[in-house]
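Architecture and fold: a report
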Amino acid sequence: MEPIISVKGLGKTYAGGFTALKNVDLEIRRGEIFALLGPNGAGKTTLISIVCGIVNPSGGSIHAAGHDILRDFRQARSEIGLVPQELATDSFESVWATVNFSRGLFGKAPNPAYIEKLLRQLSLWEKKDSKIMALSGGMKRRVMIAKALSHEPSILFLDEPTAGVDVELRQDMWEMVRGLRESGVTIILTTHYIEEAEEMADRVGVINRGELVLVEDKNTLMQKMGEKELSLHLPEPLPGVPETLADLPLTLSDDGSQLVYRFDIKSSDTGIAELLRRLNEASIDFRDLHTRESSLEEIFVGLVRGARSESEEQLTKEAQE
Ligand SMILES: Nc1ncnc2c1ncn2[C@@H]1O[C@H](COP(=O)(O)OP(=O)(O)OP(=O)(O)O)[C@@H](O)[C@H]1O
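Residue numbering note: each chain is counted from 1, following its sequence as written. Only residues with pLDDT of at least 70 get local features here, since the model is predicted, and only at 80 or more are side-chain atom pairs given and counted; chain-wide, interface and lining totals rely on the full set of residues.

Attention shifts here to the pairing of strand E1 (residues 5-13). Whether two strands pair comes down to DSSP finding at least two bridges between them. Helix numbering and strand numbering both begin at the N terminus, where a helix is a DSSP run of H or I of at least 4 residues and a strand a DSSP run of E of at least 2. Strand direction decides the pairing type here: E1 and strand E4 (residues 59-64), joined by 5 bridges, are antiparallel. Looking across to E4, one finds that Ile 5 is bridged to Ala 64. Of the strand pairs in this sheet, E1 and strand E2 (residues 19-28) are connected by 6 bridges, and their pairing is antiparallel. Considered in E2, the bridge of Leu 10 is made with Val 24.

Printed below as a string of structure tokens:
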């Protein structure tokens, strides 16, 4: 199937000379939830802003729903809804007036039935006559989403949709975003909350220092990069990992009460049978054991750190040459 967004060789150097994006290639599939992860300043907002026509690219090409974003800007933009990071809403207007006004900005004829459906879907219908200033933060955020979807786009960008939102509201937001996807909207979100990506995304892209370092199916990523941990709770603390077991990937918790064994999820031989045999030989007993898989957060931190030390090595090498 044709991708709904296609980005090729995208670069951005700001007027001051700072390069925020380097040669980014990315395809977004129709109907997916794609999470763009990256540390502060990695280039996420720049990438979104370029696709939405707010920032000009320095090079490369972008197509959205088949339209070239530079050549056919109006058609491309009419397929895109953007919920920016900052909540900027006209506080004295009613929800109904604001959302209908946003639709008008795209030159679309009024469609009260569609707006009603949208407000109901976002649990805002009861508040349609309320002034925005009288709404809670969570509701204001939903109004922003309603505005972004008012012109019936097929693509929705959510820049940090749950920044500063409490845990409960965050889950409501996730629920709602899933509902939007079911109604056929393709969703691209940026987030600092890795659990948000873990919870919602079909695919994940990691951007670091302007480079897209990885794009992967979320489940594959967690399987491919993940490690599993087996923790053995000891009846008596140990002073250190016994020498006879030093060749195994074992660590001891700070208080000496747990031995932690790390193994590769995808490996056919986990080595656990061997571990248990060796523990027995060493007369090490354990009371209890449990396993844990690494989270997307651990994978992400590992990736970004890996990329960072590589580029630092490169810089040191260049400096020495
Ligand atoms: N208008 C601008 N002029 C110059 N540099 C800019 C401009 N806008 C952004 N930058 C720089 O480009 C880099 C990427 O910024 P961007 O906002 O895209 O990052 P981000 O990944 O969205 O970060 P955050 O997670 O903090 O929102 C940053 O170093 C930023 O300072």
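Let us keep going from here.
When its domains are assigned, the protein resolves into domain 1 (5-222) and domain 2 (227-293). Using only C-alpha atoms to locate each centre, domain 1 and domain 2 end up separated by 45 Å. As annotated, the domain borders come from an automatic or database domain assignment.

Before going further, it helps to spend a moment on the site of the ligand. For each residue, a C-beta atom is positioned from the backbone; the residue is called near a molecule or strand if that atom sits within 6 Å of it. Within the structure, the ligand sits among Tyr 14, Gly 16, Phe 18, Ala 20, Gly 38, Asn 40, Gly 41, Ala 42, Gly 43, Lys 44, Thr 45 and Thr 46. Of all the elements, helix H1 (residues 44-51) adds the most residues to the shell around the ligand, at 3 residues. Under the scheme applied here, ten amino acids are nonpolar (Ala, Val, Leu, Ile, Met, Phe, Trp, Tyr, Cys and Pro), four are charged (Asp, Glu, Lys and Arg), and all others, including Gly, are polar. Per-class residue counts for the shell around the ligand are 4 nonpolar, 7 polar and 1 charged.

When you line up the elements, Val 7 lands in strand E1. C-alpha of Val 7 to C-alpha of Glu 27: the two residues are 20 residues apart in sequence and 6.2 Å apart in space. Distance between backbone-placed C-beta atoms decides contact: two residues are in contact if it is within 7 Å. Discounting chain neighbours no more than four positions away, the residues touching Val 7 are Val 24, Asp 25, Leu 26, Gly 60 and Ile 62.

A few words now on the sheet that holds strand E3 (residues 33-37). The strand order across the open sheet built from 6 strands is E6-E7-E8-E3-E9-E10, with neighbouring strands paired in mixed fashion. Each of the sheet's edge strands pairs with one partner strand only, and the pair in question is strand E6 (80-83) and strand E10 (211-217). Shown here is a sheet whose adjacent strand axes are inclined to one another by a mean of 15 degrees, direction ignored. Bridge analysis of E3 against strand E9 (residues 203-208) gives 4 bridges, and the strand direction is parallel. In the strand pairing of E9, Leu 37 is matched with Val 206. Lines are fitted to the C-alpha atoms to define the axes, a helix being fitted only along its stretch in contact, and any angle between axes, read from their N-to-C directions, falls within 0 to 180 degrees. Helix H6 (residues 167-182) contacts E3, strand E7 (155-159) and strand E8 (186-191) of the sheet and is inclined by roughly 150 degrees relative to E8.

Take the sheet that holds E2 next. Pairing in this open sheet of 4 strands is antiparallel, and the strands run E2-E1-E4-E5 from one edge to the other. Both edges of this open sheet fall to E2 and strand E5 (67-68), since each of them pairs with a single strand only.

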